[in-house]
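# A structural walkthrough
So you can see what is in the structure, the chains are spelled out below.
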Amino acid sequence: LKTLMEGAAPARASGNFVTGNDRQTQVVIEAGGLEAFGKLIESPVDEHCKDAVWAISNIAAGTQEQIQRVIDANLIPKLVRAWHTRCETVKTEAAWALCNFCTGGSPEQFKYLMSQRHAVTPLVCVLLESKDTALASGARNAIDALTKAGEAERQRNSAEQNDYARAVEDAQKARTAFMRAQRFE
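Attention here is on the structure that accompanies the text. (Residues numbered from 1 in each chain as written. Predicted model: local features only at pLDDT ≥ 70, side-chain atom pairs only at ≥ 80, totals over all residues. Heavy atoms only, no water.)

### Considerations on helix H6 (residues 64–72)
Where H6 is concerned, the buried positions are Gln66, Ile67, Val70 and Ile71. Buried residues along H6 cover an arc of 155° about the axis, so they all sit on one side. Exposed and oriented more than 90 degrees from the buried face of H6 are Glu65 and Asp72. Along its buried surface, H6 packs onto helix H3 (22–30), helix H4 (33–40), helix H5 (46–60), helix H7 (75–85), helix H8 (88–104) and helix H9 (107–115). (Buried < 20%, exposed > 50% of the residue type's maximum accessible area, 1.4 Å probe, protein only. Helix = DSSP H or I, 4+ residues; strand = E, 2+ residues; numbered from the N terminus. Arc of directions from axis to C-beta. Contact = heavy atoms within 4.5 Å.)

### Concerning the packing of aromatic side chains
Following the criterion strictly, the structure yields zero aromatic pairs and no others. The lysine or arginine in question, lysine 91, covers the ring of tryptophan 83, its NZ or CZ lying 5.0 Å from the ring centre. (Phe/Tyr/Trp six-rings, centres within 6.5 Å; stacked < 30°, edge-to-face > 60°. Lys NZ or Arg CZ within 6 Å of the ring centre and 35° of its normal.)

### What to know about the pattern of salt bridges
Following the criterion strictly, the structure yields eleven salt bridges and no others. One salt bridge connects lysine 111 with glutamate 153, and the closest N-O pair in it is separated by 3.4 Å. Taken together, the residues span a long stretch of sequence, with lysine 111 in helix H9 and glutamate 153 in helix H11 (residues 133–157) at a distance of 42 residues. Exposure remark for lysine 111: the relative accessible area of 35% places this residue in the partly exposed category. In this structure, a network of salt bridges that share partners links the residues Glu108, Lys111, Glu153 and Arg156. (Salt bridge = Lys/Arg side-chain N within 4 Å of Asp/Glu carboxyl O.)

### Some thoughts on unusual backbone geometry
Positioned with a positive phi, asparagine 74 is a non-glycine residue whose angle comes to about 60°. Note on placement: asparagine 74 falls in the loop between H6 and H7. Residue asparagine 74 is classed as partly exposed on the basis of its relative accessible area, which comes to 42%. Its identity as a non-glycine residue notwithstanding, serine 158 has a phi of 50°, on the positive side. If you trace the backbone, serine 158 turns up in the loop between H11 and helix H12 (163–183). Residue class for serine 158 comes out exposed when judged on its relative accessible area of 64%.

### Details of the nonpolar core
The tendency in soluble globular proteins is for nonpolar side chains to be buried side by side. With 49 residues, the main nonpolar core has Ile41, Ile76, Phe101, Cys102, Leu113, Leu123 and Leu146 as its most contacted residues. It is H8 that provides the largest number of residues to this core, a total of eight residues. Isoleucine 41 has contacts with Cys49, Ala52, Val53, Ile56, Lys78, Leu79, Ala82 and Arg86, leaving out every residue within four places of it along the chain. (Core = buried A, V, L, I, M, F, W, Y, C linked by side-chain atoms within 4.5 Å.)

Shape is all these values report; function is a separate question.
See below:
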């Protein structure tokens, strides 16, 4: 399977396996799928990148152990970078990957996500701007899960504010300011 996953077309085929059940997804992970997808996400060809991000998104919709493997493969920064720099179809898949991560992640995994620079920006932008109602709903659910996890974290640490909610608010303010500035150019 590992040999089959090397290259763009095989990555799409391998991506189909991870749309199945958690056991099928685990087989792809164990065969080196995350490493292959991690290389392909950096392809200069948008279609190849999209296929890799789509596969990662499906893995991020799996178990917390599978989500942890996405983290361990250092794919969250690559997903965020892809969202910020690639075409719309890649951005859509990257946003879905982050949504899936948030709806199934553990408190420690949320903490990791929040430590990644600009990781909530795609979710906020999708919520504010997307015409895709399913994706906007996914982003809303992801942000809700993040802010609930942030509230639990705040209570555990007896902190004064929910840092996760604050990060979402900051991203929203920054995006709103950017959108206003764009209208005046």
